[in-house]
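# Observations on the model geometry
Below, each chain spelled out in residue letters.
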Amino acid sequence: MLSAQEKRKLRAVAQTRKALFQIGKDNIKESTIKTISDSLTAHELVKISLLKTCSLTLREAALDLSSATHSQVVQQIGRTIVLYRRSKRNLMEL
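Bear in mind that the values here come from a model prediction, so they are computed numbers and not experimental data.

## Side note on the nonpolar core
- Core analysis: the biggest nonpolar cluster contains 16 residues, and Ile36, Ile48, Leu50, Leu65, Ile81 and Leu83 have the highest contact counts within it.
- A total of 4 residues in this core trace back to one element, the largest contributor, which is helix α3 (residues 58–69).
- With residues up to four places along the chain from it excluded, the contact list for Leu65 reads Ile23, Ile28, Ile36, Ile48, Ser71, Ile81 and Leu83.
- In this structure, Leu2, Leu45, Val74 and Met92 belong to the second largest nonpolar core, which totals 8 residues.

Laid out in structure tokens, this is it:
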């Protein structure tokens, strides 16, 4: 579980990054989960954007993705989700 200070630090880092993934009308597929999981392993912090065509709500998508990728939701704002999962290299130094 992340502390408030750790979440604040991760939100600050995520603010400067662009969304790596977009989820649209196809919603969340296994291939999407796999690529997000691989990206979390490489980068630890991933920003995901939901398009207007996505039938899921932001909260549903965040919970589905975090449980499927074994990550934690750092932030949900607008139509953007920020996920974090610590890797073995501990790039964010939390």
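## Quick notes on the pattern of salt bridges
- Evaluated as defined, the whole model comprises 2 salt bridges.
- Of the charged contacts in the structure, one is a salt bridge between Lys29 and Asp26, with a shortest N-O distance of 3.9 Å.
- Judged by relative accessible area, Asp26 falls into the partly exposed class, the value being 49%.
- A salt bridge links Asp38 to Lys34; the nearest nitrogen and oxygen atoms lie 3.1 Å apart. In this pair, Asp38 and Lys34 both sit in helix α2 (residues 30–43), 4 residues apart, roughly one turn of the helix.

## Thoughts on α2
- In this model α2 runs 20 Å from its N-terminal to its C-terminal C-alpha over 14 residues, within 8% of the 20 Å that 1.5 Å per residue would give.
- Listed as buried for α2 are Thr32, Ile33, Ile36, Ser39 and Leu40. Viewed end-on, α2 has its buried residues packed into an arc of 130°, placing them on one side of the element. Opposite its buried face, α2 presents the exposed residues Glu30 and Lys34, each directed more than 90 degrees away.
- Of the surrounding elements, those touching the buried residues of α2 are β1 (21–23), β2 (45–50), α3 and β4 (80–84).
- Residue Glu44 follows α2 closely and has a positive phi angle near 70°.

## Some details on the side chain of Lys47
- Here Lys47 is to be found in strand β2.
- For Lys47, which is buried and forms no salt bridge, the nearest opposite charge comes from Glu44, at a distance of 17 Å.
- A polar atom in the side chain of Lys47 sits 3.1 Å from the backbone oxygen of Ala14.
- Apart from the residues within four sequence positions on either side, Lys47 is in contact with Ala14, Gln15, Arg17, Lys18, Ala19, Leu20, Phe21, Thr80, Ile81 and Val82.

Definitions and limits used
Residues numbered from 1 in each chain as written. Predicted model: local features only at pLDDT ≥ 70, side-chain atom pairs only at ≥ 80, totals over all residues. Heavy atoms only, no water. Core = buried A, V, L, I, M, F, W, Y, C linked by side-chain atoms within 4.5 Å. Buried < 20%, exposed > 50% of the residue type's maximum accessible area, 1.4 Å probe, protein only. Helix = DSSP H or I, 4+ residues; strand = E, 2+ residues; numbered from the N terminus. Contact = heavy atoms within 4.5 Å. Salt bridge = Lys/Arg side-chain N within 4 Å of Asp/Glu carboxyl O. Expected span 1.5 Å × (residues − 1). Arc of directions from axis to C-beta. Lys, Arg positive; Asp, Glu negative; His and termini not counted. Polar contact = N/O pair within 3.5 Å; in protein donor to acceptor, adjacent residues only side chain to side chain.

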